[in-house]
Amino acid sequence: MTHRPPGSPILCLDLGGTWFRSGLLDENDELHPLTKTPALSVRTHPQPPAVLQAMLVEHIVATATRARDAHGCTALAISLGAAINGRTGLVIGSAPLWGPGRHPLPLGQILADRLPRLPVHVINDVSALAHTLRARHDHPPGTRKAAAVTVSSGIAYRTIDLDTAHIPLDQRHGLQGEIGHLPAPVRWRDRPLTAVCDCGGTDHVSAFSSGRGITELLRTLPEAAPFRTAADPRATLAAFARGVARGDPRAMALLDLFTLPLARVLLHQATLDPEVSATYLFGGVVDGLGDPYLHSLLRNLNDLGLYEISATDETYFARRVLRGAADGLAGLKGAGLHLRHTQTGLHLRDTRADLHRRDTQAGLHLRHPQAGRQP
């Protein structure tokens, strides 16, 4: 098998539930954005999952073919907003893209057949975000293990060892950190709230805290009426964001409601895995609401409290829960960096194997100087 040199340009795709992005990672690991288009999702194209998956494949093939011809890219790295078995590469499903249920898709195999001259690597979008953390140099002192959290059309979490790039996965199912689908009982103003997740489940974290969950709550909660400006949910969301930006108490109270389920999950994470000393927030919700979102999450974390720690260490959560890059490009770059890291590893292993074979052959020649001669 011939491996591409580590410095070859890589086409990167970030295919999420809201946007499809593309970019080129050059030989200096600098990302050059190319396109940004609305996602081919069940929200924008109400079609059966099999049809949406076929549309996804055609989008990838067309984009890759154009980029190969126009930019000379020699590999394709995909960050996909879907649950993926990280051990087998099988795409299991994506509620934001295809709706509720399991919809297995051997995307890597399909693309290998459709793009035989272009090495393809598919990775979960939050895993891609986690890999961008290895390129940061401003982690809290002593950080060796970090986590990435995306809060966008869905919610998910991923831990990574910054030294080795190892992302722990379930031994059989190849998953980690699908926190958006954890149960999240919520009370608001002394009454229980119920919300339906994109996956079809009831009262999941994503149902209250994802972009789509927030949009639905703003549509239905009586307390959100001051921000409902039209039938267009985007206008309501924009009005809410403006309220947050100016510190409107009604908007801030709602924001604290929306961040509470995620705060509970991160509190459990801090309890169960204290080696994760930096957790970075990404995604359209975080970027759209900015620092007030982070401050709300920290308020909830401090109110909940970490036993025998946060009461005496008032900046504990503020030091450890941080915003990631806000340009929306981290998924693209992370996918490309991970592929390049993989290519480099393969290249080094091939080099070591060649050296080993050469040394072995040389050793045999020295031990048997007559080897190969006819008697």
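Criteria and cut-off values
Throughout, residues of each chain are indexed from 1 in the direction in which the sequence is written. Two thresholds apply to this predicted model, a pLDDT of at least 70 for residue-level local features and 80 or more for giving and counting side-chain atom pairs, whereas whole-chain, interface and lining totals are computed over all residues. Computation of side-chain values covers all heavy atoms of the structure but excludes hydrogens and water. The secondary structure listing takes helices from DSSP runs of H or I that are at least 4 residues long and strands from runs of E that are at least 2 residues long, numbered from the N terminus. Note on areas: Shrake-Rupley, 1.4 Å probe, and residue coverage restricted to the protein chains presented here. If DSSP finds at least two bridges between two strands, the strands pair. Think of each axis as a best-fit line through the C-alpha atoms, taken over the contacting stretch in the case of a helix, with angles from 0 to 180 degrees between the N-to-C directions. Contacts were defined at the residue level, with two residues in contact if any of their heavy atoms lie within 4.5 Å. Two rings belonging to Phe, Tyr or Trp (six-membered ring only in the last case) form a pair when the distance between their centres is within 6.5 Å. Interplanar angles under 30 degrees mark stacking, angles over 60 mark edge-to-face geometry, and anything in between is tilted. Classification of residues uses two cut-offs on accessible area relative to the type maximum, computed with a 1.4 Å probe and protein chains only: under 20% is buried, over 50% is exposed, and between them is partly exposed. Two limits define a charge over a ring: the Lys NZ or Arg CZ must be within 6 Å of the ring centre, and within 35 degrees of the ring normal. What pLDDT expresses is the predictor's confidence in each residue, scored from 0 to 100. Note on terminology: angles under 35 degrees are roughly parallel, angles over 145 are roughly antiparallel, angles of 65 to 115 are roughly perpendicular, and the others are oblique. Lys, Arg, Asp and Glu make up the charged group, whereas Ala, Val, Leu, Ile, Met, Phe, Trp, Tyr, Cys and Pro make up the nonpolar group; the residues left over, Gly among them, are polar.

Trainee: Lay out the overall build of the chain in plain terms, naming residues and giving numbers.
Mentor: Broken down by element type, the chain carries twelve helices and 13 strands. Element-wise, carbon and sulfur atoms account for 56% of the exposed surface of the chain, whose accessible area totals about 18500 Å².

Trainee: Describe the sheet that holds strand β8 (residues 145-151), naming the residues involved and giving the relevant values.
Mentor: The four strands are arranged β9-β8-β12-β13 in an open sheet whose pairing can be described as mixed. Two strands close off the open sheet at either side, each with one partner strand: β9 (155-161) and β13 (321-323). On average, each strand axis in the sheet is inclined to that of its neighbour by 25°, with strand direction left out of account. Relative to β9, β8 is paired through seven bridges, and the arrangement is antiparallel. By the bridge assignment, Ala146 is partnered in β9 with Ile160. Docked against the sheet, helix α4 (residues 125-132) engages β8, β9 and β12 (276-282), running at close to 40° with respect to β9.

Trainee: Account for the packing of aromatic side chains, with residues named and values stated.
Mentor: Under the defined criterion, the tally for this structure stands at three aromatic pairs. Aromatic pair Phe240 and Phe258: ring centres 5.6 Å apart, planes at 70°, arrangement edge-to-face. Linking Phe240 in helix α7 (residues 233-245) with Phe258 in helix α8 (residues 249-272), this pair joins segments that are 18 residues apart in sequence. Like Phe258, Phe240 is buried. Considering the side-chain rings of Tyr316 and Phe317, the 5.3 Å spacing of their centres and the 80° angle between planes classify their relative orientation as edge-to-face. The class of Phe317 is buried, set by a relative accessible area of 2%. An aromatic cluster is built from Phe227, Phe240 and Phe258, whose rings are joined through pairwise contacts. Positioned above the aromatic ring of Trp19 is the side chain of Lys36, whose terminal nitrogen or guanidinium carbon lies 4.4 Å from the ring centre.

Trainee: Just give me the short version of the confidence of the model for the chain, but keep the residues and values in it.
Mentor: Low-pLDDT portions of the prediction should not be read for the details of their coordinates. Mean pLDDT over the chain: 88, with 90% of residues reaching 70 or higher. Ranking the elements of the chain by mean pLDDT puts helix α12 (residues 330-367) last with 60 and helix α10 (residues 291-304) first with 97. Considering only residues more than four positions removed or in separate chains, one finds that residues 1-7, a stretch of pLDDT under 50, has 13 contacts. Predicted confidence for residues 346-375 stays below pLDDT 50, and this span has three contacts to residues more than four positions away or in other chains.

Trainee: Describe the packing of α7 against α8, with residues and values.
Mentor: Packed helix pairs are characterised by how far apart their axes lie and by the angle those axes make with each other. One way to put it is that α7 packs onto α8 with a least axis distance of 8 Å and a crossing angle of 105°. With respect to α8, the element α7 is oriented roughly perpendicular. Contact residues: α7 offers Phe240, Gly243 and Val244, while α8 offers Ala251, Met252, Leu254, Leu255 and Phe258. Partitioned by chemical class, the residues of the contact of α7 with α8 number seven nonpolar, one polar and no charged.

Trainee: So, the sheet that holds strand β2 (residues 19-25): which residues are in play, and what are the values?
Mentor: Ordered by their spatial adjacency, five strands build an open sheet running β3-β2-β1-β4-β7, and the pairing between neighbours is mixed. Each of the sheet's edge strands pairs with one partner strand only, and the pair in question is β3 (31-38) and β7 (120-124). On average, each strand axis in the sheet is tilted by 15° relative to the strand beside it, whichever way the strands run. Pairing analysis gives six bridges linking strand β1 (residues 10-15) to strand β4 (residues 75-80), with the strands arranged parallel. For Asp14, the partnering residue across the bridge sits in β4 and is Ser79.

Trainee: Explain the side chain of Thr63 to me, using residue names and the numbers behind them.
Mentor: Secondary-structure assignment places Thr63 in helix α1 (residues 49-71). Ignoring any residue separated from it by four or fewer positions in sequence, one finds Thr63 in contact with Leu11, Leu13 and Ser22.

Trainee: Kindly report on the side chain of Thr159, identifying the contributing residues and their values.
Mentor: The residue Thr159 is located in strand β9 in this model. Once residues lying within four places of it in the same chain are set aside, the contact partners of Thr159 are Lys145, Ala146, Ala147, His166, Ile167, Pro168, Gln176 and Val276.

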